[in-house]
Amino acid sequence: MLKLLSSPLSPYGRKVNMTISMKGLKSRIDFKPVDTNIVDNKEINTVNPLAKIPTLVTEDGMALFDSKVICEYLDGLSPSPVMFPADPKE
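Residues numbered from 1 in each chain as written. Predicted model: local features only at pLDDT ≥ 70, side-chain atom pairs only at ≥ 80, totals over all residues. Heavy atoms only, no water.

One can describe the packing of helix α1 (residues 11–23) onto helix α3 (residues 67–75) by two numbers: an axis separation of 9 Å at closest approach and a directional angle of 5 degrees. Taken together, the axes of α1 and α3 are roughly parallel relative to one another. For the pair formed by α1 and α3, the contact residues are Y12, K15, V16, T19, I20 and K23 on the first element and S67, K68, I70, C71, L74 and D75 on the second. Here the contact of α1 with α3 is built from residues that sort into 6 nonpolar, 2 polar and 4 charged. (Axes fitted to C-alpha atoms, helices over the stretch in contact; angles between N-to-C directions. Helix = DSSP H or I, 4+ residues; strand = E, 2+ residues; numbered from the N terminus. Parallel < 35°, antiparallel > 145°, perpendicular 65-115°, else oblique. Contact = heavy atoms within 4.5 Å. Nonpolar A, V, L, I, M, F, W, Y, C, P; charged D, E, K, R; others polar.)

As structure tokens, then:
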């Protein structure tokens, strides 16, 4: 199961959540609210050295921590709707 570390207050987290909703992936993701105001929050610091949200931890333990990268990764998990065109010119 994928794990999304984020906050409801994060606009980038909301962007990832919209992609999750549009792709129909809610059942495949464990949502973990994270407080980045804590100086040494082990939950986020262990998977993301930048301690930024959102962070998506894949099933194989790889951490993705940029909303654009996360959304593109999620786009590849489900065939429709297509969020990123295959041709970069599009």
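What follows picks up the thread again.
Within the largest apolar cluster, 11 residues are counted, these being L2, L4, V16, I20, L25, I29, L56, L64, I70, C71 and L74. For this core, the secondary structure elements donating two or more residues are β1 (2–6), α1 and α3. It is α3 that provides the largest number of residues to this core, a total of 3 residues. When residues no more than four places from it in sequence are discounted, the contact partners of I29 are M1, L2, L4, I20 and L74. (Core = buried A, V, L, I, M, F, W, Y, C linked by side-chain atoms within 4.5 Å. Buried < 20%, exposed > 50% of the residue type's maximum accessible area, 1.4 Å probe, protein only.)

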